[in-house]
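Structure at a glance
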Amino acid sequence: MTIRTRPPRSVSDIKTHSGRAKNKHETYRNYFQVGALELERWRREREREAASNRIADIDSRIADIDKEKKMLLDDAAEAQGEHSVNPEPIEKKPSGMKIKY
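Counting restarts for each chain, with residues numbered from 1 along the sequence as it is written. Two thresholds apply to this predicted model, a pLDDT of at least 70 for residue-level local features and 80 or more for giving and counting side-chain atom pairs, whereas whole-chain, interface and lining totals are computed over all residues. Excluding hydrogens and water, the side-chain figures rest on all heavy atoms present in the structure.

**Overview of the overall build of the protein**
Put simply, the rule reads: Where helices and strands are cited, they refer to DSSP runs of H or I of at least four residues and of E of at least two residues respectively, numbered from the N terminus. Between buried and exposed lies partly exposed: a residue is buried under 20% and exposed over 50% of the maximum accessible area for its type, with that area taken using a 1.4 Å probe on protein chains only. Note on areas: Shrake-Rupley, 1.4 Å probe, and residue coverage restricted to the protein chains presented here.
On a plain count of helices and strands, the protein comes out with one helix and zero strands. Within the protein, the fraction of its 101 residues that count as buried is 1%. For the protein, the exposed surface amounts to about 11300 Å²; the carbon and sulfur share of it is 56%.

**Points about the pattern of salt bridges**
To keep it simple, the criterion reads: Criterion for a salt bridge: a side-chain nitrogen of Lys or Arg within 4 Å of a carboxyl oxygen of Asp or Glu.
Using the criterion set out here, one finds five salt bridges in the structure. With its nearest N and O atoms 3.3 Å apart, the salt bridge here joins Glu45 to Arg41. Here Glu45 pairs with Arg41, and both are found in helix α1 (residues 27-85), just four residues apart, close to one helical turn. Residue classification places Arg41 among the exposed residues on the basis of a relative accessible area of 57%. A salt bridge links Lys70 to Asp74; the shortest N-O distance between them is 3.1 Å. Highlighted residues: Lys70 and Asp74, both in helix α1, separated by four residues, approximately one helical turn. Among the charged side chains, a salt-bridge network with shared partners connects Glu40, Arg44 and Glu47.

**Digging into a nonpolar patch on the surface**
Put simply, the rule reads: Each patch is built from salt-bridge-free residues with over 30% relative accessible area, joining like charges within 9 Å and nonpolar side chains (Val, Leu, Ile, Met, Phe, Trp, Tyr) within 5 Å.
On the surface, a nonpolar cluster with roughly 510 Å² of combined accessible area is contributed by Met97, Ile99 and Tyr101. Looking at where Met97 falls in the secondary structure, it is placed in the segment after α1. Judged by relative accessible area, which is 73%, Met97 ranks as exposed.

Listed below in structure tokens is the structure:
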């Protein structure tokens, strides 16, 4: 019998071309990344528009609240002015059941 001088082969000894190719010829990856970035930008623009619309709606509602508040305070001031000239006694109506704790 002969003695083996060569070590046994393993998976790492298999010769392939997998690590030799550089990214120089893979321009499709760059185009794919550009497309993905364009889609993300489009989504972010839609998100910004939605947020801007929401802020505009909130500002509009705040303005409506201020108008309504001013109108109610003006009405209350007018009613207060009328009562101070000829105050009418306010009758207290008995409330239903009173519970003490």
